[in-house]
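Given next are the chains, with one letter for each unit.
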Amino acid sequence: MSYPYQVKSLEEYKAAYAKSEADPGAFWAEIASHFSWRKKWDTALEWNFTEPKVEWFKGGRLNITENCIDRHLEKNGNTPALIWESNDPDEAHRSLTYRQLYEKVCQFSHVLRNNGVKKGDRVCIYMGMIPELAIAVLACARVGAIHSVVFGGFSAQSIADRIQDAQATVVVTCDGAFRGAKDIPLKGMIDDALVTCPSVKRVIVCTRTRTPVSMIKGRDTWWEDEIRKVETQGLTDFPAEEMDSEDPLFILYTSGSTGKPKGVVHTHGGFMIFTAYTFVNMFQYKPGEIHFCTADIGWITGHSYIVYGPLGAGATSLMFEGVPTWPDAGRFWQIVDKYKVNILYTAPTAIRSLMGYGTQYLEGYQLDSLRVLGTVGEPINEEAWHWYHKNVGKEKCPVVDTWWQTETGGTMISNLAGITPAVPSFATLPMPGIHPVLIDEKGEEVKGNGVSGNLCIKYPWPAILRTTYGDHERCRTNYFATYSNLYFTGDGALRDENGMYRITGRVDDVLNVSGHRIGTAEVENAINMHTGVVESAVVGFPHDIKGQGIYAFVIYSGGHSNDEQLTRQDILQTVSRVIGPIAKPDKIQFVKGLPKTRSGKIMRRILRKIAEGETAQLGDTTTLLDPGVVEEIVVGKV
Ligand code: PRX
């Protein structure tokens, strides 16, 4: 069986692409007609990139959870929707059929309703990777609340920033989360965050690690107690709230060049269509297959390709609580063997890390169930691509390199497994409906092949971000003001002789560390919070495993008590507190001054070269306020 919107050959791809170029609205409307709507839309697409304003399927009424759950019940109620593998290989796995998922989501929707959550309210979800996380996400959508999932690795301060920005009224969390050998005290982190978040009236705590927690009277309640109440009340089915296609579904915070992370907003109708369509087509999903996306639901990849995309297509989605290297570097392969996984979707950083451990960790595991391999999050180097293709895919599985962003909601440029050609380290061709263009320094479109430039998108697609929460102007200036009438991605790309796209990386001040986006300004602000720090500048440098590492140049006035190492530890601790451990610099160099122009602007270009070890090509430094600092920095490089 295939899906009515599935592209099944190169010819069909070309035809779909041409159709989407001629009339994007009509192209997506045809696809949307295969999904469940309570009321059909009046207009497929209205847009301008000046305000910007994009509206898909205006007037359409629906609830994304009816599409992801209810509509599968009749024929596929007994198909597993979610399979969960614990962090602990010896703990029993859990599996929820579509029917069971329906029941759990309805139950928790009642819990949310009992705790005062209404349509349009914001709910912050800060949990580990357990099925209850997916259930909480879906229940928010079902009651019409807007979820804001915060990754479990973020600090109390980062959570507080996100809760305040969204003015969330309810938080759903766990006592703690298991990740590898670690036990992360999530509830404790929430308690610290909530000191500065008066908007939060209720905290629902799910039991996972049994870490002792303090429960605040009148504010905190246990997930399990709330479920029991619903059972006692005899509440079962929860009719989904009817939403407008353009009603917000969720906010997800992501880093940019400047300021604090911004809340990217996605909507019910467009996100539903785009995630299911791209899921089916890039992986060429066949009903019954097991799809294993190794991301965390705290990131966009988990939203789109653990929860909404697969469930929208009635697929079986496997979620994993742990990490690839614990208890050893064979964990992924053991899971693939255990569940006979068909599609494995992971990050280049994980592949490079596992490659470093050696192929002996693959031995003894049956991987022949695998049919498609995927990567996402950062450019994949050829060596890692070949290792993955050869050792994991045994040279018989297509590797799809999927390029996209939090803002795009789903995959934009990728080969379609086995349908369009794969080229190592190339994301290759745009998905049908996606129209990339390359722009040069003068702002002109670079036409033809064998060219490079800044990557922009010409027409809207259903899951384009609609706004940045509470600050539409920021959305405009960030994405739509650099080039008129285009969405600017922040990435650079080249288009080779065959029209294949290769993403070369960010062209702004955003780093990609282990596939996670981190703004240099954010890290600098965190470092500068340390009392002894006068000023700092952060740049990226090539890192074998992480893709990019974080290099911080720091002017420190505190005196090191003869121990620079201790000061470094202090600074790392500060960054951990302010943002979270993921943003800790890999290298800290103490400097006396930073290279600045006469107008006081830090010359990052020079610092980047130094961090990359290319000190011979620093370029012109004569325009600097004090060219002498550069030499000193070169000498002191760590
Ligand atoms: O630079 C691109 C890189 O990741 C950025 C988006 O990060 P985020 O919003 O966190 O979403 C990551 C998961 C979709 C992009 O601007 N990126 C993502 N996928 C690829 C990639 N770079 C190269 N190749 C990819 N396949």
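Residues numbered from 1 in each chain as written. Predicted model: local features only at pLDDT ≥ 70, side-chain atom pairs only at ≥ 80, totals over all residues. Heavy atoms only, no water.

**A word on the nonpolar core**
Right, so step 1: In this structure, L101, F108, I125, M127, W223 and Y308 are the most contacted members of the largest nonpolar core, which totals 167 residues.
Right, so step 2: Those residues in contact with M127 that sit more than four places away from it in its chain are E132, L133, A136, V172, T173, C174, L186, C206 and W223.
Right, so step 3: Counting 29 residues, the second-largest nonpolar core is a separate cluster that includes I290, A384, W385 and C397. (Core = buried A, V, L, I, M, F, W, Y, C linked by side-chain atoms within 4.5 Å. Buried < 20%, exposed > 50% of the residue type's maximum accessible area, 1.4 Å probe, protein only. Contact = heavy atoms within 4.5 Å.)

**A few points about the packing of helix α6 (residues 156-166) against helix α7 (residues 186-194)**
Right, so step 1: It is the contact of α6 with α7, at a shortest axis distance of 8 Å, that shows an interaxial angle of 55°. When the interaxial angle is binned, α6 and α7 end up oblique. The element α6 and its partner α7 pack so that their crossing is right-handed. When α6 is examined against α7, the residues A156, I159, A160 and I163 are found in contact with a partner set consisting of M189, I190, D192, A193 and L194.
Right, so step 2: When the residues that make up the contact of α6 with α7 are grouped by side-chain class, the tally is 8 nonpolar, no polar and 1 charged. (Axes fitted to C-alpha atoms, helices over the stretch in contact; angles between N-to-C directions. Helix = DSSP H or I, 4+ residues; strand = E, 2+ residues; numbered from the N terminus. Parallel < 35°, antiparallel > 145°, perpendicular 65-115°, else oblique. Left-handed = near helix turned anticlockwise from the far one by under 90°. Nonpolar A, V, L, I, M, F, W, Y, C, P; charged D, E, K, R; others polar.)

**Brief notes about the environment of K8**
Right, so step 1: Along the chain, K8 falls in the segment before α1 (10-22).
Right, so step 2: Here K8 falls in the partly exposed class, since its relative accessible area comes to 42%.
Right, so step 3: For the pair formed by K8 and I413, sequence separation is 405 residues and the distance between their alpha carbons is 17 Å.
Right, so step 4: When neighbours within four sequence positions are excluded, K8 is seen to be in contact with S2, Q284 and I419.

**Overview of the pairing of strand β11 (residues 202-206)**
Right, so step 1: In terms of burial, β11 is a largely internal element, 4 of the 5 residues being buried.
Right, so step 2: In the sheet, strand β8 (residues 170-174) pairs with β11 via 5 bridges, with the strands oriented parallel. Paired with T173 across the strands is V205, a residue of β11.
Right, so step 3: As paired elements, β11 and strand β12 (residues 220-222) share 3 bridges and run parallel to each other. Bridging from a neighbouring strand, I204 pairs with T221 of β12. (Pairing = 2+ DSSP bridges.)

**Re the domain arrangement of the chain**
Right, so step 1: Domain boundaries assigned for the chain yield domain 1 (10-63 + 246-506), domain 2 (98-241) and domain 3 (510-635).
Right, so step 2: Centre-to-centre separation of domain 2 and domain 3, based on C-alpha positions: 37 Å.
Right, so step 3: Between domain 2 and domain 3, the contact holds 6 residues from the first and 7 residues from the second.
Right, so step 4: Between domain 2 and domain 3, the buried area comes to about 440 Å², and carbon and sulfur atoms account for 58% of it.
Right, so step 5: At the boundary of domain 2 with domain 3, the tally comes to 0 salt bridges.
Right, so step 6: Summed over the shared surface of domain 2 and domain 3, the number is 5 residue pairs in polar contact (both at pLDDT 80 or more).
Right, so step 7: The residue inventory of the side of domain 2 that touches domain 3, partitioned by class, reads 2 nonpolar, 4 polar and no charged. (Domains from an automatic or database assignment. Buried area = accessible area lost by both parts, 1.4 Å probe. Salt bridge = Lys/Arg side-chain N within 4 Å of Asp/Glu carboxyl O. Polar contact = N/O pair within 3.5 Å; in protein donor to acceptor, adjacent residues only side chain to side chain.)

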